[in-house]
Amino acid sequence: MTETRPKLLVIEDDPGLQAQLKWAYEDFDVIVAGDRASALTLLRAEMPDVVTLDLGLPPDPDGTTEGFAVLDEIMALKPGTKVIVASGHGARESALQAIARGAYDFYPKPVDIDALGLIVRRALQLHRLEEENRRLASRAEKDEKVLGRLITTAPEMLRVARTIERVANTNVSVMLLGASGTGKELLARGLHEASDRAKREFVAINCAAIPENLLESELFGHEKGAFTGAVKTTPGKIELAAGGTLFLDEVGDIPLQLQVKLLRFLQERVIERVGSRESIPVDTRIVCATHQDLEAMIGEGRFREDLFYRLAEIVVRIPSLSERPGDAALLAKAFLHRHARDMNPSVRGFAADALAAIDAWHWPGNVRELENRVKRAVIMADEKLVGAADLDLADPDEQVINALNLKSAREQADRKVIRHALARSEGNISSTAKMLGISRPTLYDLLKQYDLQN
Ligand SMILES: Nc1ncnc2c1ncn2[C@@H]1O[C@H](COP(=O)(O)OP(=O)(O)OP(=O)(O)O)[C@@H](O)[C@H]1O
Ligand SMILES: [Mg+2]
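In this report, the structure presented in the accompanying data block is examined.

## A short note on the overall build of the chain
Right, on to step 1. The helix and strand tally for the chain stands at 20 helices and 16 strands.
Right, on to step 2. For the chain, the C-alpha radius of gyration of 32 Å lies well beyond 22 Å, the compact-globule estimate for 454 residues.
Right, on to step 3. Overall, the C-alpha framework of the chain stretches about 95 × 65 × 45 Å when taken along its three principal axes.
Right, on to step 4. Counting over 454 residues, the chain shows a buried share of 44%.
Right, on to step 5. Considering only residue pairs separated by 6 or more positions, the chain has 65% of its internal contacts joining residues 24 or more positions apart.
Right, on to step 6. When the accessible area of the chain is evaluated, it comes to approximately 24,400 Å², of which 51% is carbon and sulfur surface.
Right, on to step 7. Of the side-chain charges in the chain, 59 are positive and 69 negative, and the distance between the mean point of each set is 5 Å.

## Considerations on the pairing of strand 10 (residues 245-249)
Right, on to step 1. Across the 5 residues that make up strand 10, a large majority, 5, are buried.
Right, on to step 2. Side chains Thr-245, Phe-247 and Asp-249 of strand 10 all project onto a buried face; the interleaved residues Leu-246 and Leu-248 project onto the opposite face, where all are buried too.

## Some thoughts on the environment of Val-251
Right, on to step 1. You can see Val-251 is positioned in the loop between strand 10 and helix 10 (256-268).
Right, on to step 2. Residue classification places Val-251 among the buried positions, given a relative accessible area of 0%.
Right, on to step 3. Separated by 160 residues in the primary sequence, Val-251 and Ala-91 place their C-alpha atoms 72 Å from one another.

## Remarks on the pattern of salt bridges
Right, on to step 1. Following the criterion strictly, the structure yields 20 salt bridges and no others.
Right, on to step 2. Here Asp-27 makes a salt bridge to Arg-121, at a shortest N to O gap of 2.9 Å. With Asp-27 in the loop between helix 1 (15-22) and strand 2 (29-33) and Arg-121 in helix 5 (residues 113-144), the pair connects residues that are 94 residues apart, well separated along the chain.
Right, on to step 3. Note on Arg-121: relative accessible area 36%, which makes it partly exposed.
Right, on to step 4. Here Arg-304 makes a salt bridge to Asp-306, at a shortest N to O gap of 2.8 Å.
Right, on to step 5. Each of Glu-12, Asp-54 and Lys-109 takes part in a single network of salt bridges with overlapping partners.

## Observations concerning helix 14 (residues 352-360)
Right, on to step 1. Those residues of helix 14 lying buried are Ala-354, Ala-357 and Ile-358. Buried residues of helix 14 fall within an arc of 100° about the axis and therefore sit on the same side. Of the exposed residues in helix 14, those oriented more than 90 degrees away from the buried face are Ala-352 and Asp-359.
Right, on to step 2. The secondary structure elements touched by the buried residues of helix 14 are helix 13 (327-343), strand 15 (349-350), helix 15 (366-380), strand 16 (385-386) and helix 16 (388-391).

## Considering the packing of aromatic side chains
Right, on to step 1. According to the stated counting rule, one finds 4 aromatic pairs in the structure shown.
Right, on to step 2. Ring centres of Phe-308 and Tyr-309 lie 5.2 Å apart, and the angle between their planes is 85°; on these two criteria the pair is classed as edge-to-face.
Right, on to step 3. Ring geometry for Trp-361 versus Trp-363: centroids 6.4 Å apart, planes at 85°, classification edge-to-face.
Right, on to step 4. Looking at Trp-363, the relative accessible area reads 2%, which means it is buried.
Right, on to step 5. The cationic tip of Lys-22 hangs over the ring face of Trp-23; the distance from NZ or CZ to the ring centre is 5.8 Å.
Right, on to step 6. The positively charged end of Arg-269 is found above the aromatic ring belonging to Phe-265, 5.5 Å away from the centroid.

## Quick notes on the site of ligand 1
Right, on to step 1. Taken together, 16 residues are adjacent to ligand 1, and Ile-151, Gly-181, Lys-184, Leu-186 and Arg-368 come closest.
Right, on to step 2. Gly-181 places a main-chain nitrogen or oxygen 2.9 Å from an oxygen atom of ligand 1.
Right, on to step 3. A distance of 3.3 Å separates an oxygen atom of ligand 1 from a polar atom in the backbone of Thr-182.
Right, on to step 4. More than half of the atoms of ligand 1 fall within 2 Å of the grid points belonging to the second largest pocket.
Right, on to step 5. Breaking the shell around ligand 1 down by element, the ones donating at least two residues are helix 7 (184-194), helix 13 and helix 15.
Right, on to step 6. Taken together, the residues of the shell around ligand 1 sort by class into 7 nonpolar, 4 polar and 5 charged.

The rules behind each value
- Residues take numbers from 1 onward in each chain, read along the sequence in its written order.
- Just so you know, chain letters begin at A and ligand numbers begin at 1, following the order they were written in.
- This being a predicted model, a pLDDT of at least 70 is required before a residue's local features are given, and a value of 80 or more before pairs of side-chain atoms are given or counted; all residues contribute to the totals for chains, interfaces and linings.
- Excluding hydrogens and water, the side-chain figures rest on all heavy atoms present in the structure.
- Comment: elements are numbered from the N terminus, with helices defined as DSSP H or I runs of at least four residues and strands as E runs of at least two.
- The globule rule used for comparison is 2.2 Å times the number of residues to the exponent 0.38, while the radius of gyration itself is calculated over C-alpha atoms.
- Partly exposed describes any residue whose relative accessible area lies between the buried limit of under 20% and the exposed limit of over 50%, with all areas from a 1.4 Å probe on protein chains only and scaled to the type maximum.
- Here, residues are in contact when the closest pair of their heavy atoms is within 4.5 Å.
- The method behind every accessible area is Shrake-Rupley, applied with a 1.4 Å probe, and residues are considered shielded solely by the protein chains displayed.
- Think of it this way: Lys and Arg go in the positive column, Asp and Glu in the negative one, and His and the chain ends go nowhere.
- A charge is said to be at NZ when it belongs to Lys, at CZ for Arg, at CG for Asp and at CD for Glu.
- One speaks of a salt bridge when a side-chain nitrogen belonging to Lys or Arg is within 4 Å of a carboxyl oxygen belonging to Asp or Glu.
- Working note: the arc is built from the helix axis to C-beta atom directions.
- Centre distance within 6.5 Å is the pairing criterion for rings of Phe, Tyr and Trp, where only the six-membered ring of Trp is used; planes under 30 degrees apart are then read as stacked, over 60 as edge-to-face, and the remainder as tilted.
- We call a charge positioned over a ring when the NZ of a Lys or the CZ of an Arg lies within 6 Å of the ring centre and within 35 degrees of the ring normal.
- Note on definitions. A residue lies near a molecule or strand when any single heavy atom of the residue is within 4 Å of it.
- Two N or O atoms form a polar contact when they lie within 3.5 Å of each other; inside protein one atom must be a possible hydrogen donor and the other a possible acceptor, and for residues adjacent in sequence the pair counts only when both atoms belong to side chains.
- Any residue with an atom within 4 Å of a point lines the site, the site being either a cavity, points on a 1 Å grid over the protein atoms alone where a 1.4 Å probe fits but cannot get out, or a pocket, an open set with protein on both sides within 12 Å along at least 5 of 7 lines.
- A pocket or cavity is taken to hold a molecule when more than half of that molecule's atoms are within 2 Å of the pocket's grid points.
- For this classification, Asp, Glu, Lys and Arg are treated as charged, while Ala, Val, Leu, Ile, Met, Phe, Trp, Tyr, Cys and Pro are nonpolar and the rest, including Gly, are polar.

Below you can see the structure in the form of structure tokens.
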């Protein structure tokens, strides 16, 4: 296998030394520059791994200004380059200054070719290691795209991720159902990024956050003068999502009247801006989410059944965090490292009591609550390890003690154990029953009694 030879740029104005250095390193591809301009041209063209730099270059061969100027430019252009600076006698001062400005090392003049060779090879080795690390890090970043940002080892959640990946490249509309903070928006984005629409926009609109009277124009856009305050023609979110993905968050909050208009868009794939009769065709992928019980809303006449079926060609149910055994601790560690890096780098991890508390807590606010608590704990922590007290979680037993009576406390405990067992056995009834030490019919009875459909 022929490996490309490493490149060494020698910046030196003395022709004798130039020649000597040029032939000194057989295993390197040596290129030579005699002044600042040619050094920079070669730097850009050849991107050397290592540079040896004589600080005294023309037009200031007895000073250091040209040398330092070259060093600064190399550090600005390619800071990873290993620069080794020559220090003439009595120039130790400037050698140290060069190191402070980013040089890797210095060598004394007159040059001892063997000694310099050692420094150059050590620099090369370090440079290669750093490049390799950078390459791995950028690959990790790429892998992180798509659903890689989703942190989970729970089978139930992995199944959700697989479903999302599988439907990403179809155009079916996807409805994400899950409690608040379970990751609906993260999954919607993941779906967009995994799809062939990824190069175009992902446009999110939270239908619950926008006043009813403004929602129509937010979604469909408006013409100038369509209503008071419509000072210029503005495209709506649907139009902005053309070619990409439109995420309708809290879709259950769309008022009935607007549901009709949305349904028409989904059937005909054209929109009319408020105040205009012109039909504009828009191709966009619809993903929606809600924490509401849309089926119940349909029963009560608050949500149109026909719209529901248009929006929910595929329904993905996202389990709450307490239904993903092991995930809370896993996510907590990831959030701790992320926030420690940004806000309190002396924090290194969790104390054992903190992890136990995280595992035992029921996480009513799901991943969002977990992230907020960890973030606050990281900011407040005085020690290297975040302790249980920093997380400010009530004693989990209190959750049960707070229950109305013994019967409901037992029920709570039953539900929790059953949900965990179901998740561990990936919803398989026989193995769940076995795990719980009860018969299958008993398990069925309990599932029905507690309304725990798997
Ligand atoms: N499995 C996960 N891995 C990593 N981060 C997650 C995961 N789930 C959620 N998050 C993060 O938790 C936060 C809440 O998630 P997201 O906003 O997607 O939830 P949501 O279901 O839309 O919540 P809400 O109903 O409150 O709008 C976000 O910062 C998100 O990046
Ligand atoms: Mg959300």
